[in-house]
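Next come the chains, spelled out residue by residue.
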Amino acid sequence: MDDLSALGLGHDDDATTASSSGDERDERNERDERDDRHGRRGRRRPRSRAALALIGVAVALVALLVVAGVAAGGYALHLASSWDDETTTLDDAFPADDGRPAPADDGSLNVLLMGSDSRGDETTLDDDSPSDQRTDTMMLLHVDADRQHASVMSVMRDLWVPVPGRGEGKVNSAFAHGGSPLAVQTVEQLLGARVDHVAIVDFEGFADMTTALGGVDVVSEKAFRSSSSAPRSAHEYVQGVNHLEGDSALAFVRERYAFSDADFQRVKNQQAFLEGVLRTLVSRATLTDPTRVTGFLTATAPHVTVDADLDAGTLVALGAGLRGLRPDDVDFFTVPTAGTGTSADGQSIVLPDDVAISELREALRDDQVRGFLDARGGRP
């Protein structure tokens, strides 16, 4: 990603002042009509299919690097405006401030990325009333204060943790019991770090996202065949590099039945896929192709729901600070676990490694996550 160090975000006065006041009014009217039709900038019912947060990471971390690093002037402003127009805003993404960890005073940043898995009644994403929704995937993106490193840590969805006000339960049940606010509170209690932003992503349009990039090269740890009720719809994956696009990419990140360790391998595959997306997005082929950049953001934004403060301005500023970041500066790992077990009420659960998680809490507090990984000899 060294190419980014030579690129900056300029300001094109001509491009930003060319429109007349009448044009601006017309554009606002069209935007309001589109918002009314699609429920933008407000609370929206989730899509019916399971959601996956890893694309949210690409949006929150990398796609905006592209905007900040590659785009200039009116083009950058156009992309930023498109992001704000097409994403959906969570009205109430966070719990009450009482009892939450204090905001970091060193400039480090935490973004909680979730995917909603609607297996029962529909509910708005920020509704704190009980529902049957669970977060199929959960990741915490930590950006170091010096913007030289970032970490993406997966939280196993069946991790057995205290859920505030509900006793012990699987971490993904927090979303079912109290929407985004309770999910945030549960993760903050688990990791001892304040969540600064929230992004929720759905599967719909996933194929279009990868197609917009011309496919993604992903290194698979294992050779496997995806499971499918229709044999012709199954996909084959080799050990090593696989070029994934559309349905093959979707099947890769969703598959768990092909593995003896099920979700554990699926989480590894999601991390491998995200790393492939990262490398593709920051490649010279993407950065020098405005059509590809625009296509990716256009395909991604309508499937992302974010907290009110995670707007284009915030992301462009973050992207500008991360221009020197390279793919090798981003670590992917799983919050430490201690195997599997059965809860008192008979549920199959993943047990937390309390000692290692305590060390991770200290590392997050001190902005030393990479040091935590080095001390453990790599990914937990």
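Residues numbered from 1 in each chain as written. Predicted model: local features only at pLDDT ≥ 70, side-chain atom pairs only at ≥ 80, totals over all residues. Heavy atoms only, no water.

Trainee: Could you give an account of the overall build of the protein chain, with specific residues and numbers?
Mentor: Within the protein chain, the secondary structure is distributed over 13 helices and 15 strands. Expressed as a percentage of the 380 residues in the protein chain, the buried residues total 52%. Across the protein chain, every contact between residues at least 6 apart in sequence was considered, and the portion connecting residues at least 24 apart equals 75%. As displayed, the protein chain offers around 16300 Å² of accessible surface, 44% of which is attributable to carbon and sulfur atoms. (Helix = DSSP H or I, 4+ residues; strand = E, 2+ residues; numbered from the N terminus. Buried < 20%, exposed > 50% of the residue type's maximum accessible area, 1.4 Å probe, protein only. Contact = heavy atoms within 4.5 Å. Areas by Shrake-Rupley, 256 points an atom, 1.4 Å probe, with all protein chains shown as cover.)

Trainee: Outline unusual backbone geometry, supporting the account with residue identities and numerical values.
Mentor: A positive phi angle, close to 45°, is found at alanine 262, a residue other than glycine. Take alanine 262: it is sitting in the loop between helix 7 (247-254) and helix 8 (263-281). Residue classification places alanine 262 among the partly exposed residues on the basis of a relative accessible area of 25%. Even without being glycine, aspartate 367 reaches a positive phi, approximately 60°. Here aspartate 367 lies in the loop between helix 12 (354-365) and helix 13 (369-375). Take aspartate 367: its relative accessible area is 12%, and that puts it in the buried class.

Trainee: Lay out the packing of aromatic side chains with the relevant residues and their values.
Mentor: Scanning the model with the defined rule gives 5 aromatic pairs in all. Summarising the aromatic geometry, the rings of phenylalanine 224 and phenylalanine 252 are spaced 5.8 Å apart at their centres and angled 35° between planes, so their arrangement reads as tilted. Residue phenylalanine 224 is located in strand 9 (residues 224-225), and its partner phenylalanine 252 is located in helix 7; the two are separated by 28 residues in the primary sequence. The exposure class assigned to phenylalanine 224 is buried, which follows from its relative accessible area of 7%. You can call phenylalanine 252 buried: its relative accessible area is 0%. The rings of Phe224, Tyr237, Phe252 and Phe259 are connected pair by pair, giving a single aromatic cluster. (Phe/Tyr/Trp six-rings, centres within 6.5 Å; stacked < 30°, edge-to-face > 60°.)

Trainee: I'd like a rundown of the pattern of salt bridges, residues and numbers included.
Mentor: Per the stated rule, a full pass over the model turns up 12 salt bridges. The partner of glutamate 188 in a salt bridge is arginine 100, and the shortest N-O contact between them spans 2.5 Å. Of this pair, glutamate 188 sits in helix 5 (residues 173-191) while arginine 100 sits in the loop between strand 1 (88-90) and strand 2 (109-118), placing them 88 residues apart in sequence. Grouping residues by exposure puts glutamate 188 and arginine 100 together as buried. Residue aspartate 158 pairs with lysine 170 through a salt bridge whose shortest N-O separation is 3.6 Å. Taken as a pair, aspartate 158 in the loop between strand 4 (150-154) and strand 5 (160-163) and lysine 170 in strand 6 (residues 167-170) lie far apart in primary sequence, 12 residues in all. The buried category is assigned to aspartate 158, whose relative accessible area is 18%. (Salt bridge = Lys/Arg side-chain N within 4 Å of Asp/Glu carboxyl O.)

Trainee: Talk me through the environment of phenylalanine 175; I want residue IDs and the actual numbers.
Mentor: With respect to the helices and strands, the residue phenylalanine 175 is situated in helix 5. A relative accessible area of 1% places phenylalanine 175 in the buried class. Through-space distance from the C-alpha of phenylalanine 175 to that of methionine 114 is 9.5 Å; in sequence the pair is 61 residues apart.

Trainee: Could you give me a rundown of the confidence of the model for the protein chain, with the residues and numbers involved?
Mentor: Taken residue by residue, the protein chain gives an average pLDDT of 75. The fraction at 70 or more is 70%. Between residues 1-71, whose pLDDT stays under 50, and residues either more than four places distant or in other chains, the model counts 178 contacts. Scored below 50 in pLDDT, residues 117-124 makes 24 contacts in the model with residues more than four places away or belonging to other chains. (pLDDT = per-residue confidence, 0-100.)

Trainee: An account of the pairing of strand 12 (residues 304-307) is needed here, citing residue identities and associated values.
Mentor: Pairing between strand 1 and strand 12: 3 bridges, direction parallel. In the sheet register, threonine 89 faces strand 12, and the bridge partner there is valine 306. (Pairing = 2+ DSSP bridges.)

Trainee: Kindly report on the pairing of strand 15 (residues 348-352), identifying the contributing residues and their values.
Mentor: Note that strand 14 (residues 337-342) and strand 15 share 4 bridges and pair antiparallel. When the bridges of strand 15 are listed, glycine 341 appears paired with isoleucine 349. Here strand 14 folds back onto strand 15, and the loop between the two strands holds 5 residues, one of which, glycine 346, carries a positive phi near 90°.

Trainee: Give a detailed account of the packing of helix 5 against helix 12, specifying residues and quantitative values.
Mentor: At a minimum axis distance of 8 Å, the contact between helix 5 and helix 12 shows a crossing angle of 100°. As judged from the angle between their axes, helix 5 and helix 12 are roughly perpendicular. Of the residues in helix 12, those in contact with Gln189, Leu190 and Leu191 of helix 5 are Ile357, Leu360, Arg361 and Leu364. Grouping the constituent residues of the contact of helix 5 with helix 12 by class yields 5 nonpolar, 1 polar and 1 charged. (Axes fitted to C-alpha atoms, helices over the stretch in contact; angles between N-to-C directions. Parallel < 35°, antiparallel > 145°, perpendicular 65-115°, else oblique. Nonpolar A, V, L, I, M, F, W, Y, C, P; charged D, E, K, R; others polar.)

Trainee: Can you lay out the nonpolar core for me, pointing to particular residues and giving the numbers?
Mentor: Ranked by internal contacts, the top residues of the largest apolar core, which has 36 residues, are Leu112, Met114, Met153, Leu159, Leu191, Val198 and Leu360. Taken together, the elements giving at least two residues each to this core come down to strand 2, strand 3 (133-143), strand 5, helix 5, strand 7 (197-201), helix 12 and helix 13. Considering each element in turn, this core owes the most residues, 8 residues, to helix 5. Residues contacting leucine 112, with those up to four places away along its chain left out, are Met138, Met139, Leu140, Ala183, Val184, Val187, Val195, His197, Val198 and Ala199. (Core = buried A, V, L, I, M, F, W, Y, C linked by side-chain atoms within 4.5 Å.)

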